[in-house]
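Residue-level structural notes
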Amino acid sequence: MMCEEAKYKGPSILVEAVTKEVPECRRKEVRVLDVAAGTGLVGVALAQKGFTNLDALEPSECMLELLRSKNLYTNTFHEYVGQGHTNVPQGCYDVVFVVGGMGNNHIPSTGVLEFVRFAKPGGLVMICMRQDEEDYLTKLKEYMNSLEEQQLWKKVKKVL
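Reading guide: rules and limits
- Along each chain, residue indices are assigned from 1 in the same order as the chain's sequence is written.
- pLDDT decides what is reported in this predicted model: residues at 70 or higher carry local features, side-chain atom pairs at 80 or more are listed and counted, and totals for whole chains, interfaces and linings draw on all residues regardless.
- The side-chain figures draw on all heavy atoms in the structure; neither hydrogens nor water molecules are used.
- Two strands are said to pair when DSSP picks up at least two bridges between them.
- Helix and strand assignments follow DSSP, with helices taken as H or I runs no shorter than four residues and strands as E runs no shorter than two, numbered in order from the N terminus.
- Fitted lines through C-alpha atoms serve as axes, helices being fitted only where they are in contact, and the angles separating the N-to-C directions of these axes extend from 0 to 180 degrees.
- The contact criterion used throughout is that any non-hydrogen atoms of two residues lie within 4.5 Å.
- Think of it in three bands: with a 1.4 Å probe and only protein chains considered, a residue is buried below 20% of the maximum accessible area for its type, exposed above 50%, and partly exposed in between.
- A 3.5 Å cut-off defines polar contacts: any pair of N or O atoms within that distance qualifies, except that in protein one atom must be a possible hydrogen donor and the other a possible acceptor, and neighbouring residues in sequence count only when both atoms are side-chain atoms.

Per an unreviewed UniProt entry, the protein goes by the name Methyltransferase domain-containing protein and belongs to Petrolisthes cinctipes.

Concerning the sheet that holds strand β5 (residues 119–128)
Whether parallel or antiparallel, the strands of a sheet pair through hydrogen bonds between backbone atoms. The strand order across the open sheet built from five strands is β3-β2-β1-β4-β5, with neighbouring strands paired in parallel fashion. The open sheet has two edge strands with one neighbour each: β3 (73–77) and β5. On average, each strand axis in the sheet is inclined to that of its neighbour by 20 degrees, with strand direction left out of account. Along the sheet face, helix α4 (residues 111–118) touches β1 (32–35), β2 (54–57), β4 (93–99) and β5 and points at about 140 degrees away from the line of β5.

Examining the environment of Tyr93
On the secondary structure map, Tyr93 appears in strand β4. Since its relative accessible area comes to 0%, Tyr93 is described here as buried. Sequence spacing of Tyr93 and Cys25 is 68 residues, and the spatial spacing of their C-alpha atoms is 17 Å. The contact partners of Tyr93, leaving out residues within four places of it in the chain, are Arg31, Val32, Leu33, Asp55, Phe77, Val88, Phe118, Ala119, Lys120 and Gly123. Only 2.5 Å separates the side chain of Tyr93 from the side chain of Asp55, close enough to count as a polar contact.

Below, the structure is given as C-alpha cells:
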C-alpha cells in the first residue's frame with residue numbers, strides 16, 4: 001500500500017521547518033543527512049529549495065536504488081540506525097533529520113544519540129513523526145530528556 005503524497009504531510013512539515021532554520025544564502029553550503037531516506041522524497045523537496053549538499057542513510061537496498069536514481073545525494077549509506085556503530089561520518093552535518101522513520105519496529109529511541117553524533121556541534125537534529133504510538137513516544141521523550149541532562153544535546157523547540 002502506498003501513501004498518497006497529498007495525505008502524507010511529514011515531508012512538507014520537515015521541509016518547511018528546515019527552510020525556516022537555514023537561510024537561503026546558506027543552503028548550498030550546509031551538509032544535510034536524510035536518515036531513513038526512503039525514495040528520497042524529502043531530498044527532492046529540499047533540492048527544490050536550494051539545498052545541494054545532501055547525504056542519505058537508508059537500510060533498504062531497494063529504496064537506496066530508487067533514491068540514487070534521482071542523483072540528488074552526494075553520499076549514500078546502506079545501514080541501520082540504533083544497532084551499533086555506523087559508517088556515517090561523525091560531527092560533520094549541519095542538519096540531521098528523519099521523517100517517518102521513528103516508531104515501533106523502526107528506529108529505536110536510542111537512535112537519537114547517533115543523530116547527535118552525526119551532527120556538528122550546534123547542528124540541528126530534526127525528527128518528524130506520527131504521534132499515535134504513545135508507548136514509543138514516552139520512551140523517546142524520556143531518552144531525549146536523559147541526553148539533555150547529560151548535556152549531549154539541547155532541545156531548542158518543538159514545531160508541532
